[in-house]
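# Fold and contact review
Listed below, chain by chain, are the residues.
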Amino acid sequence: TYMVEGGSAKNFARCKRLMFDEPALLPYTKNVVYVKDFQAGEITREKIRLFSLRGKSQSPKVEKIRWDIESAQKSGFPHFMLKEIHEQPTVLKHLVASAKKLDNKLARILKSANKIVVVACGTAYHAGIVGKYAIEHMAKMPVAVDLSSEFRYRSIIIDNKTVVIAISQSGETADTLAAVREAKIKNAKVVSICNVVGSSLTRESDFVLYTHAGPEIGVASTKAYTAQLMVLYLLAINIAKVKGALSGYTISRYQKILANIHNQARLILKKDLPALSRVAERHHNFGSFLFLGRNVNYPSALEGALKLKEISYIPAEGYAAGEMKHGPIALIDEYRAVVCIAVNSAIYEKMISNIQEIKDNKEKIVIIAKEENKHKKV
Ligand code: M6R
């Protein structure tokens, strides 16, 4: 909830109708007062007043919205989602460049932990799965990932040695907030990864890592997702440092890779968009899609399917490629297109053999691979 200072009552009502989100307020004011749970407020022409539920007057804290009006406009793109897709290289570059030395408070929290549990919903949950793979691989620390809506209603086993990482673009997702409150009751420490400064999640966390992606106005998460991935990889490196799990040489090798990701993202957006448009044109009438991936690209497959459902209203499913033979292969004829993520990695050959399992249906396969593998026969 926001109370607006410096805007007329008429403007405030208009904002309220638009949506209760910061970008909607930007044309009118940058000053906001966040109303906490169990607080009530009153706005008159003269002043803003806040009260506890018992009627005790409380002083309102005026905070500044950091985003500017340009970031909440389409800047020549036909829609926000496309604009936000194109903002990814800049967001990723900025995140790596501004990665500071590990904060002392965060270092203390991480040092005392023996287990991490990630809670999130939707796209943020998919980022959480990538985070699990990265932290376990780099920092050799056990990580569980839970949907916030499951975590909050289950008998979870966590204690003061558990760090709960809550991921949320908005910082206002009810299930994630409830999961965080549950975690705090059990004395776990909460580190959140969030995009919106001052959101409920950031106010309830022990430590916040911001994704600094700017306002995400498109409903389908794009730049916030890749920013979450970058923050998780940077965090994984930091946990590895704190736990002494990697050599200095390996850490700087990973840091170099991360520092170059924005260039690769820029290249994809520059070079591959025509090919992507061709695939979209060829397949847009197809009634159902299957996305397959392994390792960190298993969550990419889940995310690809979610994006297609949300944006194109096409039934789509994401699967760990290695699971195909355990049942879903029976349905393979029903999928009109199968998108296989087969980028170079330690499990590249495994992925290729999964693609070969779909042998009778080659014409429906779309492969996402490195250009150097273009002419390889599958
Ligand atoms: O704001 P949050 O990250 O907590 O939102 C969670 C999900 O609702 C969100 O990630 C949703 O799945 C995406 N917008 C889908 O593109």
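See the structure above.
The structure contained in this document is the topic of the report that follows. What you see is a predicted model, and the numbers here were worked out from it, not measured in a lab.

### Description of the overall build of the protein
A tally of regular secondary structure across the protein gives 14 helices and 15 strands. In terms of its C-alpha atoms, the protein occupies a principal-axis envelope of roughly 75 × 50 × 40 Å. Classification of the 378 residues of the protein by burial places 47% in the buried group. For the protein, contacts bridging at least 24 residues in sequence account for 70% of all contacts bridging at least 6. In the protein, 56 side chains carry a positive charge and 36 a negative one; their mean positions are 6 Å apart.

### A look at the sheet that holds strand S15 (residues 365-368)
An order of S13-S12-S14-S15 is seen for the four strands of this open sheet, with the pairing classed as parallel. Sheet topology places strand S13 (316-320) and S15 at the edges, where each strand pairs with a single neighbour. The average angle at which neighbouring strand axes cross in this sheet is 20°, direction not considered. Note that strand S12 (residues 289-293) and S13 share five bridges and pair parallel. Across the sheet, residue Phe-289 finds its bridge partner in S13, namely Ala-316. Running at roughly 175° to S13, helix H13 (residues 297-312) makes contact with S12, S13 and strand S14 (337-341) of the sheet.

### Observations regarding the pattern of salt bridges
All chains considered together, the criterion is met by twelve salt bridges. With its nearest N and O atoms 3.2 Å apart, the salt bridge here joins Glu-42 to Arg-49. As a salt-bridge pair, Lys-307 and Glu-303 come within 2.5 Å of each other at their nearest N and O atoms. Within this pair, Lys-307 and its partner Glu-303 are both found in helix H13, separated by four residues, close to a single helical turn. One continuous salt-bridge network, built from bridges that share partners, spans Asp-37, Arg-181 and Glu-204.

### Quick notes on the environment of Glu-63
Mapping Glu-63 onto the fold places it in strand S6 (residues 63-64). On the accessibility criterion, Glu-63 (26% relative accessible area) is partly exposed. As a C-alpha pair, Glu-63 and Val-33 span 30 residues in sequence and 6.1 Å in three-dimensional space. For Glu-63, the contacting residues outside a window of four places in its chain are Lys-30, Asn-31, Val-32 and Tyr-34.

### Observations concerning the state of the cysteines
Tallying each qualifying case throughout the model produces zero disulfides. Here Cys-121 is not cross-linked by a disulfide; its sulfur's nearest cysteine counterpart is in Cys-194, at 13 Å.

### Digging into the site of the ligand
Taken together, the neighbourhood of the ligand is formed by 13 residues, with Ser-168, Gln-169, Ser-170, Thr-173 and Glu-310 sitting nearest. One of the side-chain nitrogen or oxygen atoms of Ser-168 is found 2.6 Å away from an oxygen atom of the ligand. Notes on the ligand: free accessible area 410 Å², of which the protein chains cover 80%. Of all the secondary structure elements, the ones that give two or more residues to the shell around the ligand are helix H6 (122-139) and H13. The leading source of residues in the shell around the ligand is H6, at three residues.

### Notes on the side chain of Glu-303
With a relative accessible area of 5%, Glu-303 lands in the buried category. In this structure, Glu-303 is in contact with Thr-123, His-126, Ser-221 and Tyr-225, ignoring residues within four places of it in sequence.

### Some remarks on unusual backbone geometry
One non-glycine residue, Lys-140, lies in positive phi territory at about 55°. Note on placement: Lys-140 falls in the loop between H6 and strand S8 (143-147). The phi dihedral of Asn-295 is positive, around 55°, even though this residue is not glycine. Relative to the elements of secondary structure, Asn-295 occurs in the loop between S12 and H13.

### Some details on the sheet that holds strand S4 (residues 48-52)
Here three strands make up an open sheet; going across it, the order is S3-S4-S5 and the pairing antiparallel. Strands at the two margins of the open sheet, each flanked by one partner only, are strand S3 (39-43) and strand S5 (57-58). Summarising the sheet, S4 and S5 pair through two bridges and their orientation is antiparallel. Pairing of Phe-51 across the sheet is with Ser-57, part of S5.

### As for the packing of aromatic side chains
Overall, the coordinates contain one aromatic pair when judged by the stated rule. Their ring planes at 25° and their centres at 6.2 Å tell us that Phe-289 and Phe-291 sit as a pair that is stacked. Both residues of the pair, Phe-289 and Phe-291, belong to the buried class. Here the basic side chain of Arg-253 rests over the ring of Tyr-254, its NZ or CZ set 5.6 Å away from the ring centre. Sitting above the plane of the Phe-286 ring, Arg-336 keeps its charged end 4.5 Å from the centroid.

### Quick look at the pairing of strand S11 (residues 207-210)
Of the two faces of S11, the one holding Phe-207 and Leu-209 is buried and the one holding Val-208 and Tyr-210 is not buried anywhere. Pairing of strand S10 (residues 189-194) with S11, which is carried by four bridges, proceeds in the parallel orientation. When the sheet's bridge partners are listed, Val-191 is paired in S11 with Phe-207.

Thresholds, definitions, all that
One numbering rule holds for all chains: residues counted from 1, following each sequence as written. Local features in a predicted model are, by the rule used here, given only for residues with pLDDT of at least 70; side-chain atom pairs are given and counted only at 80 or more, and totals for whole chains, interfaces and linings are based on all residues. Neither water nor hydrogens contribute to the side-chain values; these are computed over all heavy atoms in the structure. Comment: elements are numbered from the N terminus, with helices defined as DSSP H or I runs of at least four residues and strands as E runs of at least two. The rule is simple: take the accessible area with a 1.4 Å probe, protein chains only, and divide by the maximum for that residue type; under 20% is buried, over 50% is exposed, in between is partly exposed. For this analysis, residues touch if any pair of their heavy atoms sits within 4.5 Å. Neither His nor the chain ends is counted toward charge; the positive residues are Lys and Arg and the negative residues Asp and Glu. By convention, charge coordinates are those of NZ in Lys, CZ in Arg, CG in Asp, or CD in Glu. Two strands qualify as a pair provided DSSP detects at least 2 bridges between them. Comment: axis = line fitted to C-alpha atoms, over the contacting stretch for helices; angle = value between 0 and 180 degrees taken between N-to-C directions. By salt bridge we mean one thing: a side-chain nitrogen of Lys or Arg within 4 Å of a carboxyl oxygen of Asp or Glu. In this description, a disulfide is simply a cysteine sulfur pair whose atoms lie within 2.5 Å. For this purpose, a residue is taken to be near a molecule or strand whenever a single non-hydrogen atom of the residue falls within 4 Å of it. We call two N or O atoms a polar contact when they sit within 3.5 Å, provided that within protein one can donate a hydrogen and the other can accept it, with sequence-adjacent residues counted only if both atoms are side-chain atoms. Only the protein chains shown count as cover for residues, and the accessible areas themselves come from Shrake-Rupley with a 1.4 Å probe. Working definition: rings of Phe, Tyr and Trp (its six-membered ring) pair if their centres are within 6.5 Å, and the pair is stacked with planes under 30 degrees apart, edge-to-face with planes over 60 apart, and tilted otherwise. By definition, being over a ring means that NZ of Lys or CZ of Arg is both within 6 Å of the ring centre and within 35 degrees of the ring normal.

Bear in mind that shape data such as this cannot, by itself, settle questions of function.
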